[in-house]
Amino acid sequence: MMVDRRHPGPSGQAGPAAVPLYGFQPPVGTPYGLEVSTVEDFFAQHDDWPWNPPRPGRATFHYLIAVTEGELRHDVDHLTRTVTPGQWLWVRPGHTQCRHPPGAARGPFILFEPDVLRPDIARLLAPLTAHEAPAVLSPHPADATWLQQTALQLLDEHRALGRRPLDVHHALRRSLLESLLLRLAGAPGVTQADTRAGRSRGDTYGRFADALELHFREMHRAADYAESLGCSVRTLSRAARDATGKGVRELIDERRLLEARRLLGSARWDARSVADHLGFSDPANFGRFFRDRTGLTPAAFAAREAGTGLTCLSGVVPDSASARASRTCSRPR
């Protein structure tokens, strides 16, 4: 199996607060934090749990899918993305995701842990691996064939376990993965700015940013993050201010607020569900938190988003430049 099948939480637990976090658990004998398959094989091997019927979840590792045939639908952070041939779906650690049946979709399916990348390569790829980077990538046509061929070479090498020494096998897999990602980094929509945070993903702030994406729902104190990173609160605070000019608590609150706005707006959750999901003790505390930072109550914000924003039909987000230009939108009634 490619992911941990142990479901955290009581059987049958329901509701928006029950968004489990899955760790990486590749098949026995697979070396290092990298697993490669195909869309069709993955779904054939995992049609019983936990995405049939589909359930939202989060992972500590990256999902990267190249669609070569058909059309793939996948929910990322409560929006349905449609991925067409030539495009790539990238679900990063910490994103809430939910699968749709693959239908006729085909293509290489790559799962990898963040630390499988060498530190120098990880720094170069920071804009691409960042939580806010696009979920659907549409590479330049001149890169499309090369990218698909490299992904297939990676799949072939992954299946060649035992054909050559293990360290050589892994070096080849990692080299192919890094080459693939470096080429994908040139896709339109990927920020190329060399920010201080981007240059230092391997340092204290970078590790905090990664931890924040995974745990902002249940960890809300600077001390909790400092303990998990093995450093003092003072060290963590200094790293955060050096990288962003903001304190740790401010960054935690900003991430919780961003999630709240997403859930109240495009996902149409109610305030009580959002409060539970983000770890507030009761809806009143969440209401004060939200109002102090936006000037609106959660209900007023949700009503404004529903009444004045443009919503794409069926809630589907195509995520390609051409699709964005031509998709049909209407005002909610």
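These figures come from a predicted structure and were not determined experimentally. (Residues numbered from 1 in each chain as written. Predicted model: local features only at pLDDT ≥ 70, side-chain atom pairs only at ≥ 80, totals over all residues. Heavy atoms only, no water.)

Student: Help me understand the overall build of the chain in this model?
Tutor: The helix and strand inventory of the chain stands at 14 helices and 13 strands. Counting across all 333 residues of the chain, residues that qualify as buried make up 48%. Considering only contacts in the chain between residues 6 or more positions apart, those separated by 24 or more positions represent 70%. A total of about 15,800 Å² of accessible surface is found on the chain, and carbon and sulfur atoms cover 51% of it. (Helix = DSSP H or I, 4+ residues; strand = E, 2+ residues; numbered from the N terminus. Buried < 20%, exposed > 50% of the residue type's maximum accessible area, 1.4 Å probe, protein only. Contact = heavy atoms within 4.5 Å. Areas by Shrake-Rupley, 256 points an atom, 1.4 Å probe, with all protein chains shown as cover.)

Student: It is not clear to me how unusual backbone geometry should be interpreted in this structure. Could you clarify?
Tutor: Leaving glycine out, the prevailing phi sign among residues is negative, and the prevailing peptide bond configuration is trans. At Asp77, a residue that is not glycine, the phi angle is positive and equals roughly 50°. Position of Asp77 relative to the elements: it lies in the loop between β5 (72–76) and β6 (79–83). Assessed through its relative accessible area of 7%, Asp77 is described here as buried.

Student: What is the right way to read the sheet that holds strand β7 (residues 88–91) from this model?
Tutor: Two pairing modes exist for strands in a sheet, parallel and antiparallel, and in both the strands are linked by backbone hydrogen bonds. Here we have five strands laid out as an open sheet, ordered β2-β9-β4-β7-β10, and antiparallel in their pairing. Edge positions in the sheet fall to β2 (34–38) and β10 (136–137), since each of these pairs with one other strand and no more. Looking at chain direction, strand β4 (residues 62–66) and strand β9 (residues 108–112) are connected through four bridges and run antiparallel. Paired with Leu64 across the bridge in β9 is Ile110. (Pairing = 2+ DSSP bridges.)

Student: Which parts of the structure should I look at to understand helix α10 (residues 248–264)?
Tutor: Along an α-helix, residues three or four apart share an orientation, since each turn contains 3.6 residues. Between the first and last C-alpha of α10 there are 24 Å, a value that for 17 residues agrees with the 24 Å anticipated at 1.5 Å per step. Residues of α10 that are buried: Val248, Leu251, Ile252, Asp253, Arg255, Arg256, Leu257, Glu259, Ala260, Leu263 and Leu264. (Expected span 1.5 Å × (residues − 1).)

Student: When you look at the packing of helix α7 (residues 204–215) against helix α9 (residues 233–244) in this model, what are you seeing that I'm missing?
Tutor: Relative placement of two packed helices is described by the angle separating their axes and the distance separating the axes. Running from N to C, α7 and α9 point in directions that differ by 95°, and their axes come no closer than 8 Å. Judged by the inter-axis angle, α7 sits roughly perpendicular to α9. Of α9, the residues touching α7 (which contributes Thr204, Tyr205 and Phe208) are Leu236, Ala239, Ala240, Ala243 and Thr244. Of the residues contributing to the contact of α7 with α9, the split by class is six nonpolar, two polar and no charged. (Axes fitted to C-alpha atoms, helices over the stretch in contact; angles between N-to-C directions. Parallel < 35°, antiparallel > 145°, perpendicular 65-115°, else oblique. Nonpolar A, V, L, I, M, F, W, Y, C, P; charged D, E, K, R; others polar.)

Student: What's the story with the environment of Pro298 in this structure? I'm lost.
Tutor: Tracing the backbone through its elements, the reader meets Pro298 in helix α13 (residues 298–308). Apart from the residues within four sequence positions on either side, Pro298 is in contact with Leu264, Ala271, Phe286, Gly287 and Phe290.

Student: Please explain the pattern of salt bridges as it appears in this structure.
Tutor: When the charged atoms of two side chains lie near each other, side chains of opposite charge can form a pair. Throughout the structure, instances matching the rule amount to 14 salt bridges. The salt bridge partner of Glu178 is Arg118, with a shortest N-O separation of 2.5 Å. Taken together, the residues span a long stretch of sequence, with Glu178 in helix α5 (residues 166–184) and Arg118 in the loop between β9 and α2 (119–124) at a distance of 60 residues. For Arg255, the salt bridge is made with Glu259, and the minimal N-O distance between the two is 3.3 Å. Taken together, the residues span about one helical turn, with Arg255 and Glu259 both in helix α10 at a distance of four residues. Overall, Arg255 belongs to the buried group, its relative accessible area being 5%. We classify Glu259 as buried; its relative accessible area is 0%. (Salt bridge = Lys/Arg side-chain N within 4 Å of Asp/Glu carboxyl O.)

Student: Would you explain the side chain of His158 in this entry?
Tutor: Structurally, the position occupied by His158 is in helix α4 (residues 141–158). Ignoring anything within four residues of it in the chain, the contact list for His158 reads Thr30, Leu34, Glu35, Val36, His169 and Arg173.

Student: For this particular structure, what's the right way to read the packing of aromatic side chains?
Tutor: The relative placement of two aromatic rings is captured by the distance of their centres and the angle of their planes. This structure, assessed with the given rule, holds 12 aromatic pairs. Geometrically, the ring pair formed by Phe42 and Phe43 is edge-to-face, given 6.0 Å between the ring centres and 75° between the ring planes. Both residues of the pair, Phe42 and Phe43, belong to the buried class. Where Phe290 meets Phe301, the ring centres are 5.3 Å apart and the plane angle is 65°; that geometry is what we call edge-to-face. Separated by 11 residues along the polypeptide, Phe290 in helix α12 (residues 283–294) and Phe301 in helix α13 bring together distant segments of the chain. On the basis of relative accessibility, which here comes to 0%, the residue Phe290 falls in the buried class. What links up through ring pairs into an aromatic cluster is the set Phe24, Phe42, Phe43, Phe61, Tyr63 and Phe109. Residue placement shows Arg256 over the ring face of Phe280; its charged tip is 4.0 Å from the ring centre. The ring of Phe289 carries the charged tip of Arg256 above its face, separated from the ring centre by 5.7 Å. (Phe/Tyr/Trp six-rings, centres within 6.5 Å; stacked < 30°, edge-to-face > 60°. Lys NZ or Arg CZ within 6 Å of the ring centre and 35° of its normal.)

From the geometry alone we can't say anything about function, so treat these as descriptive.
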